[in-house]
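In case you want the letters, here they are:
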Amino acid sequence: MPELPEVEVTRLGIAPAVTGWRATGAVTRVGGLRYPLPDDLGRRLAGQVLREVRRRGKYLLLHFDEGRLLLHLGMSGSLRLLPAGTPAARHDHVDLLFGKVLLRLTDPRRFGSLLWLPPEPAGHPLLDVLGIEPLEAAFTGRWLHAALRGRRGPVKPAIMDSHLVVGIGNIYASESLFRAGIDPRRAAGRISGQRCDRLADAVRATLNEAIAAGGSSLKDFIGSDGGKGWFQQSHFVYGRAGEPCRACGGPVRQVRQAGRATFFCPRCQR
DNA sequence: CTGGTCACCTGGAAGC
DNA sequence: TGCTTCCAGGTGACCA
C-alpha cells in the first residue's frame with residue numbers, strides 16, 4: 001500500500017493512540033520479513049514507553065526509551081491498531097502489545113522490514129543513504145534542478161530514486177509528472193530550472209493531497225480496515241492506459257521504465 | 001557514478 | 001472449472 005502518503009497517514013493514525021503508552025510485549029508469527037526479525041522482540045520492548053512515532057521517507061520510526069523500531073511496509077504491508085486479543089489472520093506477522101491495544105503488522109508479500117536500532121543519534125545504513133524529504137522546505141525546484149544535473153536517464157526513475165528524494169513511489173511519480181506537464185521519458189538532466197520548479201510543486205501538491213485524502217479516513221485505523229479508502233482514489237494517469245486523459249481527452253499511454261509501469265499523456269506531457 | 005535487471009513473496013486477474 | 005501466466009504500491013544487490 002505504501003508510498004509516502006500512506007506511510008504518513010499510518011503514522012498520523014497510530015501516533016495519537018499509542019504515543020506515551022508502555023509496551024507490554026510483542027508476538028511474532030514469522031521468522032523474518034525482508035530481514036530476520038529482532039531477537040526476543042517482546043522481551044526487549046516490554047516496559048518501554050513509546051515516546052514518538054516519526055517518519056523518514058517510507059520508513060516509520062517508533063522511538064522507545066532504549067531504542068527505535070525501524071519499520072517499512074514494503075509493497076503490501078499495513079499497520080493497524082486493534083483491541084488486545086483480536087485473533088490473528090494469515091499474514092498477520094507481528095503484534096506490538098500495549099496492554100489494551102496492539103499494533104498489528106500485516107504483510108502478505110513480506111517485502112517489509114522491522115529492525116531494532118539504538119537510540120539517536122546512532123545512524124543505520126538503511127537510513128543514512130536516504131535523500132531529501134519532498135515535503136520539507138529544502139525540497140525546491142532549484143534543489144531538484146541541481147540534483148538532476150548530469151543525469152542522462154529518464155526523469156521518472158530519477159525522481160523515484162530514494163537516494164535523491166524519498167517517498168515518491170510508482171504511482172505518484174507518474175501523477176506528479178502529469179501535473180507538471182513533463183514527459184516521463186525526458187532525460188532528467190535536461191529539464192529546465194523553471195520546469196523543475198513546476199515538478200517540485202507538483203510532487204508536493206500530489207503528496208499533500210494524497211495525505212489529506214487518506215487522512216479523512218483516519219478513524220479506520222481503530223477498527224478492522226486499515227486505510228481502505230486510499231487505493232480507491234482517482235488518479236490522473238496511473239492505471240488508466242487507453243482511457244481518456246482528464247485534461248485533453250486523448251488516450252493515456254503506458255510504457256515500461258526500469259521495470260515499472262509508467263503512465264502519461266503524450267499530449268499534455270512534453 | 002549511472003542506470004538497468006533481478007530477486008524477494010503472495011495473491012488476484014486475465015488468458016486459454 | 002482449472003491451470004498458466006502476468007502483474008502489483010519497494011528496494012537492495014548485482015552487473016555493464
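Worth saying up front: this structure is predicted, and the values here are computed from it rather than measured.

## What about the protein's contact with DNA strand B?
Logical step 1: Around DNA strand B, the neighbouring residues are R90, H91, P108, R109, R110, F111, R151, R152, G153, P154 and A258.
Logical step 2: Near the protein, within 4 Å, the atoms of DNA strand B are sugar or phosphate in 63% of cases.
Logical step 3: One of the backbone N or O atoms of R152 is found 2.9 Å from a phosphate oxygen in DNA strand B.
Logical step 4: Between a phosphate oxygen of DNA strand B and a main-chain N or O atom of G153, the distance comes to 2.7 Å.
Logical step 5: Grouping the constituent residues of the surface near DNA strand B by class yields four nonpolar, two polar and five charged.

## A word on the sheet that holds strand β4 (residues 67-72)
Logical step 1: Strands sit in the order β2-β3-β4-β8 across an open sheet of four strands; the sheet is antiparallel. A strand with exactly one partner marks an edge of an open sheet, and here the two such strands are β2 (50-56) and β8 (113-117). Strand-to-strand twist across the sheet, computed as the mean angle between neighbouring axes with direction ignored, equals 20 degrees.
Logical step 2: Of the strand pairs in this sheet, β2 and strand β3 (residues 59-64) are connected by six bridges, and their pairing is antiparallel. Within β3, the residue paired with R56 across the bridge is Y59.

## Description of the pattern of salt bridges
Logical step 1: Within the structure shown, the criterion is met by 16 salt bridges.
Logical step 2: With a closest N to O distance of 3.2 Å, E120 and R54 form a salt bridge. Of this pair, E120 sits in the loop between β8 and α3 (125-128) while R54 sits in strand β2, and the two are 66 residues apart along the sequence.
Logical step 3: Under the relative-accessibility criterion, E120 is labelled partly exposed at 47%.

## Focus: the domain arrangement of chain A
Logical step 1: Entries for chain A in the domain assignment read domain 1 (4-127) and domain 2 (141-264).
Logical step 2: Computed from C-alpha coordinates alone, the two centres of domain 1 and domain 2 are separated by 27 Å.

## What to know about the pairing of strand β7 (residues 101-106)
On a regular strand, each side chain points to the face opposite its neighbour's, so the side chains alternate between the two faces of the sheet.
Logical step 1: With respect to burial, β7 is a largely interior element, six of its six residues being buried.
Logical step 2: Of the two faces of β7, the one holding V101, L103 and L105 and the one holding L102, R104 and T106 are both buried throughout.
Logical step 3: Across six bridges, the pairing between strand β5 (residues 78-83) and β7 is antiparallel. Paired with S78 across the bridge in β7 is T106.
Logical step 4: In this structure, strand β6 (residues 92-98) lies alongside β7, joined through six bridges in antiparallel fashion. Among the inter-strand pairings, F98 is bridged to a residue of β7, identified as V101.
Logical step 5: Once β6 ends, the chain turns through two residues before running back antiparallel as β7, passing G99 with a positive phi of about 65 degrees.

The rules we used
- Counting restarts for each chain, with residues numbered from 1 along the sequence as it is written.
- Here every chain gets a letter starting at A, and every ligand a number starting at 1, in the order they are written.
- Local features in this predicted model are restricted to residues whose pLDDT is 70 or higher, and side-chain atom pairs enter the listing and the counts only when it is 80 or higher, whereas totals over whole chains, interfaces and linings include all residues.
- Hydrogens and water molecules were not included; the side-chain quantities draw on all heavy atoms of the structure.
- When we say a residue is near a molecule or strand, we mean one of its heavy atoms is within 4 Å of it.
- A 3.5 Å cut-off defines polar contacts: any pair of N or O atoms within that distance qualifies, except that in protein one atom must be a possible hydrogen donor and the other a possible acceptor, and neighbouring residues in sequence count only when both atoms are side-chain atoms.
- Ten residue types, Ala, Val, Leu, Ile, Met, Phe, Trp, Tyr, Cys and Pro, are classed as nonpolar, four, Asp, Glu, Lys and Arg, as charged, and the remainder, Gly among them, as polar.
- At least two bridges found by DSSP between two strands are what make those strands a pair.
- A run of DSSP states H or I qualifies as a helix once it reaches four residues; a run of E qualifies as a strand once it reaches two. Both are numbered from the N-terminal end.
- Axis lines are fitted through C-alpha atoms, for helices just across the contact stretch, and the angle between N-to-C directions can take any value from 0 to 180 degrees.
- One speaks of a salt bridge when a side-chain nitrogen belonging to Lys or Arg is within 4 Å of a carboxyl oxygen belonging to Asp or Glu.
- Per-residue accessibility, obtained with a 1.4 Å probe over protein chains only, is compared with the maximum for each type, and a residue is labelled buried under 20%, exposed over 50%, and partly exposed between these values.
- A domain assignment, automatic or from a database, supplies the domain bounds used here.

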